[in-house]
Structures are given as structure tokens and as C-alpha cells.
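A look at the structure
These are the residues of each chain, in order.
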Amino acid sequence: MTELDHRQVGRDSLFLMADVRLAGAGDEHRVKVRNLSGGGMMAEGHVKVTRGAKLEINLRNIGWVEGVVAWIQENRFGIAFLEEIDPKLAREPIAIQPDSTPRFVKPVIATIDPARIRKI
């Protein structure tokens, strides 16, 4: 594909948050995902990246995806994924397991002995 062909790939404009970590660096940076396609994304954030730098992105419902910085413009940058993803997964609500609320957060349900209830 030429550079012009990449621009024809369908993109979803959306607003998500994702974590980015540069290859060789352990720290993660929070970025805004402005658009997403199967082959890449545009991120916005205050991350010092260089064109061609390898990084990983943690996308909602997808997990960590490897990519390379394709372009940079001020605080926005494009990332080309090394492997295709399904961008529709990132749009889906986060799957919550039934009854996944931790026990310590659940309200206490008092059991009252009816024999001890005083009638007024």
C-alpha cells in the first residue's frame, strides 16, 4: 500500500482513553484516542515520541497492541499497528462479570429476628 492508500482505510472517530508505553521504557502514559482503524490510530497526549519509535498501546476490550509512530504533529501522533485489530471491540462496553462487585463494597443486609421486633 502506498501512503495515499492508507488514508482510504475506514476509521472510526471516537473518544477513548488508552495507555501507551514506549519500547524499552517501563512507564505508561495516558493518551486520548481520536480515531481508530484496524491498522492504526491517532493519539493525543503529552508523550515525547519520535517517528519510527516502537510502542505498545493498551486499548479497551482489546489489550496491548504493538505499533510504530507513523507521524507527529504537535501533541498528536499517528500509530501504525504491527497486526490488524478489530476496532469495533474498542467501542463495545466493558464486559462486567455478573456479581463481580467485591464483597466489601456490597451493602450489608441485616437479618432481623421477627420475634425481637417490638410492635408500637
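Residues numbered from 1 in each chain as written. Predicted model: local features only at pLDDT ≥ 70, side-chain atom pairs only at ≥ 80, totals over all residues. Heavy atoms only, no water.

Focus: the environment of Pro93
The condition that has to hold: Where helices and strands are cited, they refer to DSSP runs of H or I of at least four residues and of E of at least two residues respectively, numbered from the N terminus. Buried means the residue's accessible area, taken with a 1.4 Å probe over protein chains only, is under 20% of the maximum for its type, while exposed means over 50%, and partly exposed covers the values in between.
Among the structural elements, Pro93 can be located in the segment after helix H2 (87-91). For Pro93, a relative accessible area of 69% corresponds to the exposed category. Along the sequence, Pro93 and Asn61 sit 32 residues apart, while their C-alpha atoms lie 8.2 Å from each other.

Let's talk about the packing of aromatic side chains
Here is the rule we go by: Side-chain rings of Phe, Tyr and Trp (the six-membered ring for Trp) are treated as a pair once their centres are within 6.5 Å; stacked means planes under 30 degrees apart, edge-to-face means over 60, and tilted covers the remaining angles. In this scheme, the term charge over a ring applies when either NZ of a lysine or CZ of an arginine sits within 6 Å of the ring centre and within 35 degrees of the ring normal.
Counted according to the given criterion, the structure contains zero aromatic pairs. If you follow Arg21 out to its NZ or CZ, it ends over the ring of Trp64, 3.7 Å from the centre.

Comments concerning the pairing of strand S4 (residues 54-59)
Two faces, one strand: in a regular strand the side chains alternate between the faces of the sheet. For the record, the criterion: At least two DSSP bridges between two strands are required for those strands to pair.
Only one face of S4 is buried, namely the one carrying Leu55, Ile57 and Leu59, since none of Lys54, Glu56 and Asn58 on the opposite face is buried. Relative to strand S5 (residues 63-73), S4 runs antiparallel, the two sharing six bridges. The partner of Leu59 across the bridge, within S5, is Gly63. Two successive antiparallel strands, S4 and S5, enclose a turn made up of three residues, where Asn61 displays a positive phi of approximately 65°.

A look at the pairing of strand S6 (residues 76-81)
When strand S3 (residues 40-44) meets S6, the two strands line up antiparallel, connected through five bridges. When the bridges of S6 are listed, Met42 appears paired with Gly78. Across six bridges, the pairing between S5 and S6 is antiparallel. Residue pairing across strands places Gly67 opposite Phe81, the latter belonging to S6. Hairpin connection of S5 to S6: two residues between the antiparallel strands, including Glu74 at a positive phi of 55°.

Digging into the pattern of salt bridges
When their charged atoms lie close together, side chains carrying opposite charge are able to pair. The line we're drawing: Salt bridges are defined as contacts in which a side-chain nitrogen from Lys or Arg sits within 4 Å of a carboxyl oxygen from Asp or Glu.
The tally for this structure, following the rule as stated, stands at five salt bridges. Across the salt bridge formed by Arg30 and Asp19, the nearest N and O atoms sit 3.1 Å from each other. Taken together, the positions of Arg30 in strand S2 (residues 29-36) and Asp19 in strand S1 (residues 12-22) put the pair eleven residues apart, joining distant regions of the chain. On the basis of relative accessibility, which here comes to 18%, the residue Asp19 falls in the buried class. The residue Arg21 makes a salt bridge to Glu56 at a minimum N-O spacing of 2.6 Å.

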